Amino acid sequence: MSLIPQGGHLFEIISRYDDLLAMQGQDDYEPGDTLALIVPFLIRHGLKEADIIRLARGATLTRGAGKLIRCLMGQGWHIFCITTTYQQYAFHVTQRVGIPHSHVAATAFPLDQFHQTLSAEVANSLAHMEHQVLSLASPGDDQAIKQCLDDFFWTRLPQTALGQLIKQVKPVGGRRKLLALEQFCELHGASLGEFAVVGDSITDFSMLRAVRDAGGLAIAFNANQYALPHATVSLASTHLSSLSPILAAWQSGTLDDVKALVKQKEASGPCGEREHFHWLIGKTDLEEIIATSQHMRRLVREKAGELG
């Protein structure tokens, strides 16, 4: 969205709208469906699949990600990526750290095909709607956001050919992430309780909760308030390799071994901007943990860290 004039602000508003829809339980709506809601604006501004691929090639990785994944693969781990982002982006990033396409679940998005359905009438309607959204003061005015976007997305747009195509974009978030994980389980003869999963946002809470409840290891990494309550362990860190010790404990032992290690690290405290560990099961007061995680989230994810 940063390739669009004022696209950052436009995305913040639509991302907040996504949070509101997810929390109210909108029918057939999952957290992360933002990636379907922004499609009309990508088309209006002429963005192509090549633009997404170019951004993926220049994307930075969280520090330690490549080393951690290579190390885990060398130890016999099977690594999967379940991500809400578009396939064109996900495949290029995961390829850089050695995850094969067959181990990636991402959002199918034939953007170039959609351009053919944009009529002059719909283009004018989009221009008007974009102006309305950008006129909103901030992404914190929930009532104004709902009033502005409900009629457009659920009444007017579905009546157009473009709207009908956009319905086919099903971002891999929320329960769809859990479904993707269950499909990987089936393909590899595993159960949810054998997995360690890592998530950070509202799109991950269904997956985190299901793995935690199945006795697996659900890790909230630099997570926000939507993900943290559903995990087994939280980690706030600027470096992904901070996951190594608890993954090693999980691989060689049990969940009790992970708990003992996390409790030990809680007692000894963090190492600067690394290894802020917390055992979450049984914890009710998460305010301080959320604040620390949000701080690290902004450091690591920069502008994207502000989004839900």
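Higher on the page you've got the structure.
Residues numbered from 1 in each chain as written. Predicted model: local features only at pLDDT ≥ 70, side-chain atom pairs only at ≥ 80, totals over all residues. Heavy atoms only, no water.

I'm lost on the pairing of strand β1 (residues 81-86) in this one. Help?
For a regular strand, side chains alternate in direction, first toward one face of the sheet and then toward the other. Most of β1 is tucked away: 5 of the 6 residues are buried. Bridging between β1 and strand β2 (residues 104-107) involves 3 bridges; their strand directions are parallel. Across the sheet, Tyr86 pairs through a bridge with Thr107, a residue of β2. Handedness of the crossover is the feature at issue here: the chain leaves β1, passes through helix α6 (residues 87-96), returns alongside β2, and the resulting connection is right-handed. (Buried < 20%, exposed > 50% of the residue type's maximum accessible area, 1.4 Å probe, protein only. Helix = DSSP H or I, 4+ residues; strand = E, 2+ residues; numbered from the N terminus. Pairing = 2+ DSSP bridges. Right-handed = clockwise from strand over helix to strand, strands pointing away.)

Just to check I follow, could you spell out the pattern of salt bridges for this structure?
Applying the stated criterion across every chain, the model contains 13 salt bridges. Glu130 is paired through a salt bridge with Arg44; the nearest N and O atoms lie 2.9 Å apart. Taken as a pair, Glu130 in helix α8 (residues 120-134) and Arg44 in helix α3 (residues 39-44) lie far apart in primary sequence, 86 residues in all. Residue Arg44 is classed as partly exposed on the basis of its relative accessible area of 32%. Look at the salt bridges and you will find they share partners, linking Arg16, Asp19 and Asp142 into a network. (Salt bridge = Lys/Arg side-chain N within 4 Å of Asp/Glu carboxyl O.)

What am I meant to see in the sheet that holds strand β4 (residues 217-221) here?
Neighbouring strands of a sheet are bound in pairs by backbone hydrogen bonds; such pairs are parallel or else antiparallel. Spatially, β3-β4-β5-β6 is the arrangement adopted by the 4 strands of the open sheet, whose pairing is mixed. With one partner strand each, in any of the chains shown, β3 (196-199) and β6 (276-279) form the two edges of the open sheet. Across the sheet, the mean angle separating the axes of adjacent strands is 20° when strand polarity is ignored. The pairing of strand β5 (residues 233-236) with β6 spans 4 bridges and is classified as antiparallel. (Axes fitted to C-alpha atoms, helices over the stretch in contact; angles between N-to-C directions.)

Where do I start with α8 in this structure?
Side chains three or four residues apart in an α-helix point the same way, a direct result of the helix having 3.6 residues per turn. Relative to the 21 Å expected for 15 residues at 1.5 Å per residue, α8 spans 21 Å between its end C-alpha atoms, a close match to the ideal helical length. Of the positions making up α8, those classed as buried are Val122, Leu126, Met129, Glu130, Val133 and Leu134. An end-on view of α8 places all buried positions within 125° of arc, on one side of the element. In α8, the exposed positions angled more than 90 degrees off the buried face are occupied by Ala120, Glu121, Asn124 and His131. Residues of α8 that are buried sit in contact with α1 (7-24), α3, α9 (142-156) and α10 (161-166). (Expected span 1.5 Å × (residues − 1). Arc of directions from axis to C-beta. Contact = heavy atoms within 4.5 Å.)

Mind showing me how you'd approach the environment of Gly173 here?
Relative to the assigned elements, Gly173 resides in the loop between α10 and α11 (175-188). Spatially, the C-alpha atom of Gly173 lies 6.8 Å from that of Asp204, the residues being 31 residues apart in sequence. In this structure Gly173 touches Glu30, Pro31, Thr84 and Thr203, once residues within four positions along its chain are discounted.

Teacher, can you tell me more about the nonpolar core here?
Side chains of nonpolar character tend, in soluble globular proteins, to be buried together. The biggest cluster of nonpolar side chains holds 40 residues, and the ones touching the most others in it are Phe41, Leu42, Tyr86, Phe109, Leu149 and Phe153. Looking at this core, the elements with two or more residues in it are α1, α2 (34-37), α3, α7 (111-114), α8, α9 and α10. In terms of residues, this core owes the most to one element, α1, which gives 7 residues. Once residues lying within four places of it in the same chain are set aside, the contact partners of Phe41 are Ile4, Leu10, Ile14, Leu126, Met129, Glu130, Phe152 and Phe153. Grouped together as the second largest cluster of nonpolar side chains are 28 residues, Ile69, Ile79, Ala106 and Ile219 included. (Core = buried A, V, L, I, M, F, W, Y, C linked by side-chain atoms within 4.5 Å.)

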